[in-house]
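Residue-level listing of the chains:
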Amino acid sequence: MKQVPKEYYELLEQIQTVDFALVELTLYLDTHPADYQAIQQFNQLAQRRKHLKKQFESAYGPLQQFGNSYSNYPWNWDDAPWPWQI
């Protein structure tokens with residue numbers, strides 16, 4: 001495996017933190033669908049995740065398969081390490 005820079009881990013941790021908050025807010029909103037502030041927070045975090053994902057993928061390659069992430073040329077899905085290997 002090739003050497004992974006410190007920034008890789010930092011950015012991945014930021015994405016994981018936002019993902020955790022989005023899952024928790026989703027569960028909360030399932031039982032409190034009229035909570036306007038929670039919806040606003042969810043939308044802000046979804047936007048933040050989109051930005052972080054784009055930043056990560058620009059620097060280190062795709063995060064997800066099945067059309068959720070694009071590939072560079074040449075096909076870079078075999079570039080390791082993958083986020084789930086860390």
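Structural data are supplied above this passage.
Residues numbered from 1 in each chain as written. Predicted model: local features only at pLDDT ≥ 70, side-chain atom pairs only at ≥ 80, totals over all residues. Heavy atoms only, no water.

Focus on the overall build of the protein
Next, step 1: Along its length, the protein carries two helices and zero strands.
Next, step 2: Going through the 86 residues of the protein one by one, you find that 28% of them count as buried.
Next, step 3: Contacts spanning at least 24 positions in sequence make up 49% of the contacts within the protein whose residues lie at least 6 apart.
Next, step 4: Of the roughly 6,600 Å² that the protein leaves accessible, carbon and sulfur atoms contribute 55%. (Helix = DSSP H or I, 4+ residues; strand = E, 2+ residues; numbered from the N terminus. Buried < 20%, exposed > 50% of the residue type's maximum accessible area, 1.4 Å probe, protein only. Contact = heavy atoms within 4.5 Å. Areas by Shrake-Rupley, 256 points an atom, 1.4 Å probe, with all protein chains shown as cover.)

Let's talk about the environment of Ser58
Next, step 1: Among the secondary structure elements, Ser58 is positioned in helix α2 (residues 36–60).
Next, step 2: At 2.9 Å, the side chain of Ser58 forms a polar contact with the backbone oxygen of Lys54. (Polar contact = N/O pair within 3.5 Å; in protein donor to acceptor, adjacent residues only side chain to side chain.)

A short note on the packing of aromatic side chains
Next, step 1: Applying the stated criterion across every chain, the model contains four aromatic pairs.
Next, step 2: Ring centres of Tyr8 and Phe56 lie 5.1 Å apart, and the angle between their planes is 55°; on these two criteria the pair is classed as tilted. With a gap of 48 residues between them, Tyr8 in helix α1 (residues 6–31) and Phe56 in helix α2 connect regions that are remote in the sequence.
Next, step 3: Ring plane angle 75° and centroid distance 5.0 Å describe the contact between Tyr8 and Tyr60, whose orientation is recorded as edge-to-face. Taken together, the positions of Tyr8 in helix α1 and Tyr60 in helix α2 put the pair 52 residues apart, joining distant regions of the chain.
Next, step 4: Through pairs of rings, three or more aromatic residues link up here, namely Tyr8, Tyr9, Phe56 and Tyr60. (Phe/Tyr/Trp six-rings, centres within 6.5 Å; stacked < 30°, edge-to-face > 60°.)

Some points on the pattern of salt bridges
Next, step 1: Here the structure, examined in full by the defined rule, presents three salt bridges.
Next, step 2: Here Lys6 and Glu10 are joined by a salt bridge, their closest N and O atoms 3.5 Å apart. Placement of the pair is Lys6 and Glu10 together in helix α1, with a separation of four residues, close to one helical turn.
Next, step 3: For Lys6, a relative accessible area of 59% puts it in the exposed group.
Next, step 4: Using a relative accessible area of 36% as the deciding quantity, one classes Glu10 as partly exposed.
Next, step 5: Between Asp19 and Arg49 there is a salt bridge; the shortest N-O distance is 2.4 Å. Linking Asp19 in helix α1 with Arg49 in helix α2, this pair joins segments that are 30 residues apart in sequence.
Next, step 6: Since its relative accessible area comes to 26%, Asp19 is described here as partly exposed. (Salt bridge = Lys/Arg side-chain N within 4 Å of Asp/Glu carboxyl O.)

Thoughts on α1
Next, step 1: The end-to-end C-alpha separation of α1 is 39 Å, in line with the 38 Å expected for 26 residues at 1.5 Å each.
Next, step 2: Restricting attention to buried positions, one finds in α1 the residues Tyr8, Leu11, Leu12, Ile15, Val18, Leu22, Leu25 and Leu29.
Next, step 3: Turning to α1, the residues buried within the fold contact α2. (Expected span 1.5 Å × (residues − 1).)

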